[in-house]
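Structural characterization, general
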Amino acid sequence: MFRRISVIVALLSLAGCAGSPTYQKPIPKKFSYPPLEREVTISLGENLLRQGLSSKVRAVDVYNEVSISLATLMPNNYIQTGFVGNSKERAIFQPENKGPAFSGTFSSAMFVVDEKANLACLYDPAMGLLLEATDCSNLDVLKEQGRIYDKNLYDSSAFQQTLIYTGKIDNRIRFTYREFSGSTARMPFSTDVEYDLNEGNVISYQGATIEVIKANNRSITYKVISNFRNYE
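In this report, we go over the structure that sits alongside the text. (Residues numbered from 1 in each chain as written. Predicted model: local features only at pLDDT ≥ 70, side-chain atom pairs only at ≥ 80, totals over all residues. Heavy atoms only, no water.)

**Some words on the overall build of the protein chain**
Secondary structure assignment for the protein chain yields three helices and 20 strands. Residue burial in the protein chain is summarised as follows: out of 232 residues, 39% are buried. When contacts within the protein chain are restricted to residue pairs at least 6 apart in sequence, long-range pairs at least 24 apart make up 54% of them. Of the accessible surface of the protein chain, which amounts to about 13400 Å², a share of 51% is contributed by carbon and sulfur atoms. (Helix = DSSP H or I, 4+ residues; strand = E, 2+ residues; numbered from the N terminus. Buried < 20%, exposed > 50% of the residue type's maximum accessible area, 1.4 Å probe, protein only. Contact = heavy atoms within 4.5 Å. Areas by Shrake-Rupley, 256 points an atom, 1.4 Å probe, with all protein chains shown as cover.)

Structure representation (structure tokens):
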């Protein structure tokens, strides 16, 4: 009897964690980029200022195929969508394009990362069990072929404002202002604006104030002094 209990305890220690996936929904927060008073240089066609809602999640970019246990993790961009069971250490990552994480016979398995234990694993929810000894590899193998980082996911359904640099003619600089939302209550809006730098290097639009440090037809260097007006 004692031997049987010992075997069960040993198996449970190998498992590490078990249970159904627990999914999480990131909490969106207001953002405005770039930060105030920071000198920034952007190229023609890029956003000078962007404001809206975004959520911060852990993400994994995999550039080449990676062997994890007996499976092959496919190159892709992955974002964290939840955890294995009640564990807050073993995070589930799913491809942004919704395809399988692993190839072949392991295509139904989920990709799991435990950064604290430095493990990359495959996890089959149907089995309800994750064995470190057989289902995981050292996370360093993955880091050699990719990266793990915090990623901002922009909420396309929320109201967003952008100011885009569109070039310089003589000493006049041009921008395109856009505001849009996934809500049918607000239609996409876009307008072109132009400023004469002979009248000063500080410009304002929709509550945003920007100090232009230098500009040409390739790029602009500037500081944001104030953001777009707050919105509901």
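Anyway, onward from the coordinates.
**A few points about the environment of Glu 144**
For Glu 144, the position within the fold is in the loop between α3 (139-143) and β14 (146-154). For the pair Glu 144 and Val 62, spaced 82 residues apart in the sequence, the C-alpha separation amounts to 9.3 Å.

**A short note on the state of the cysteines**
Under the counting rule described, the total for this entry stands at one disulfide. One disulfide bridge connects Cys 121 with Cys 136, the sulfur atoms lying 2.0 Å from each other. Looking down the S-S bond of the Cys 121 and Cys 136 bridge, the torsion is 105 degrees, so its handedness is right-handed. One end of the pair, Cys 121, is in strand β11 (residues 119-123); the other, Cys 136, is in strand β13 (residues 136-138), with 15 residues separating them in the sequence. Of the two residues examined, Cys 121 and Cys 136, each falls in the buried class. (Disulfide = S-S within 2.5 Å.)

**A word on the nonpolar core**
Core analysis: the biggest nonpolar cluster contains 21 residues, and Leu 48, Tyr 165, Ile 173, Phe 175, Ile 220 and Tyr 222 have the highest contact counts within it. Top element by residues in this core is strand β19 (residues 208-215). It accounts for four residues. Leu 73, Phe 83, Leu 139 and Ile 148 belong to the second largest nonpolar core, which has 20 residues in total. (Core = buried A, V, L, I, M, F, W, Y, C linked by side-chain atoms within 4.5 Å.)

**A word on the pattern of salt bridges**
According to the stated counting rule, one finds eight salt bridges in the structure shown. Notably, a salt bridge pairs Asp 150 with Arg 58, separated by 3.1 Å at the nearest N-O pair. Highlighted residues: Asp 150 in strand β14 and Arg 58 in strand β5 (residues 47-62), separated in sequence by 92 residues. Residue Asp 114 pairs with Arg 90 through a salt bridge whose shortest N-O separation is 3.3 Å. Residue Asp 114 is located in strand β10 (residues 110-114), and its partner Arg 90 is located in strand β9 (residues 90-95); the two are separated by 24 residues in the primary sequence. (Salt bridge = Lys/Arg side-chain N within 4 Å of Asp/Glu carboxyl O.)

It is worth stressing that arrangement in space is one thing and function is another; only the former is reported here.
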